[in-house]
Amino acid sequence: MVVARFLLYSCIALLMVNFSPCSGMYKNKNKCKIENRIKLVLKTMNDNTVAAVVDCVVGVGDCDPTGQEIKEHAQEAVCTKCGSNCTCEQIQFRLIVLKMKKKFKDQWARVENLFKDTCY
């Protein structure tokens, strides 16, 4: 019973690593370290902070330093499909995008709508 449970958990863990949206970063020889500023953004994302940053990005609100940085990378985040060939910087912003798509769909739609016609 213990061996079967161990094998089951091992298979689940292997599947999670191999099919994770960020699995490409683990296949690189040099692993990407998630920067502290990105960890902070991910931790502090809530309805109010995300709405304020998206207002900044779409030009209807003031920008704090975090909002300004995200605004500078927003078009790239919407338009770039790098798959497993992402740079470490692209992976950092991809983590934010993934969380927005999952937990703040309406706000992500506002950003996508702003840039979707500029992608080539």
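Here, every reference points to the structure presented above.
To keep things clear, this report deals only with the structure shown in the data block. (Residues numbered from 1 in each chain as written. Predicted model: local features only at pLDDT ≥ 70, side-chain atom pairs only at ≥ 80, totals over all residues. Heavy atoms only, no water.)

### Considering the environment of Leu 95
Mapped onto the elements of the fold, Leu 95 is located in helix H6 (residues 88–103). Look at Leu 95 and you get buried, because its relative accessible area is 16%. Each C-alpha atom, one on Leu 95 and one on Lys 39, is 9.5 Å from the other, the two residues being 56 residues apart in sequence. (Helix = DSSP H or I, 4+ residues; strand = E, 2+ residues; numbered from the N terminus. Buried < 20%, exposed > 50% of the residue type's maximum accessible area, 1.4 Å probe, protein only.)

### Here we look at the pattern of salt bridges
With the rule as written, the count across this model stands at three salt bridges. Close ionic contact of Glu 35 with Arg 37 constitutes a salt bridge, the shortest N to O distance being 2.5 Å. Among the residues examined, Glu 35 registers a relative accessible area of 33% and is labelled partly exposed. Residue classification places Arg 37 among the partly exposed residues on the basis of a relative accessible area of 32%. Beyond isolated ion pairs, a larger network of salt bridges with shared partners links Glu 35, Arg 37 and Glu 69. (Salt bridge = Lys/Arg side-chain N within 4 Å of Asp/Glu carboxyl O.)

### Observations regarding the state of the cysteines
Under the defined criterion, the tally for this structure stands at four disulfides. A disulfide bridge connects Cys 82 with Cys 86, and the sulfur atoms are separated by 1.8 Å. Because the torsion about its S-S bond is 75°, the bridge between Cys 82 and Cys 86 counts as right-handed. Judged by its relative accessible area of 16%, Cys 82 is buried. Take the cysteines of the protein chain that form disulfides and number them in order along the sequence; they join up as 1-7, 2-3, 4-8, 5-6. (Disulfide = S-S within 2.5 Å.)

### Some details on the layout of surface pockets
Approximately 460 Å³ is the volume attributed to the largest pocket. Around the largest pocket, the lining is made up of 28 residues, and of these Val 41, Val 53, Thr 66, Gly 67 and Ile 70 lie nearest the centre. Mapped onto the lining of the largest pocket, the elements with two or more residues apiece are helix H3 (36–44), helix H4 (47–58), helix H5 (65–79), H6 and helix H7 (105–115). Here the residues of the lining of the largest pocket sort into 19 nonpolar, five polar and four charged. Within this model, the second largest pocket holds a volume of roughly 320 Å³. Residue lining of the second largest pocket: 18 residues in total, with Ala 77, Thr 80, Cys 82, Arg 94 and Val 97 positioned closest to the centre. Elements with a minimum of two residues in the lining of the second largest pocket: H5, H6 and H7. (1 Å grid on protein atoms, 1.4 Å probe; cavity = no way out; pocket = protein on both sides within 12 Å on 5 of 7 lines; lining within 4 Å. Points joined across faces, edges and corners; volume = space filled by probe spheres on them. Nonpolar A, V, L, I, M, F, W, Y, C, P; charged D, E, K, R; others polar.)

### Topic: the environment of Phe 104
On the secondary structure map, Phe 104 appears in the loop between H6 and H7. When its relative accessible area of 8% is taken as the criterion, Phe 104 is described as buried. In sequence terms Phe 104 and Ala 51 are 53 residues apart; their C-alpha atoms lie 9.0 Å from each other. Setting aside anything within four residues of it in sequence, one finds Phe 104 in contact with Met 45, Asn 46, Asp 47, Val 50 and Lys 99. (Contact = heavy atoms within 4.5 Å.)

Keep in mind that these numbers describe shape and distance, not what the molecule does.
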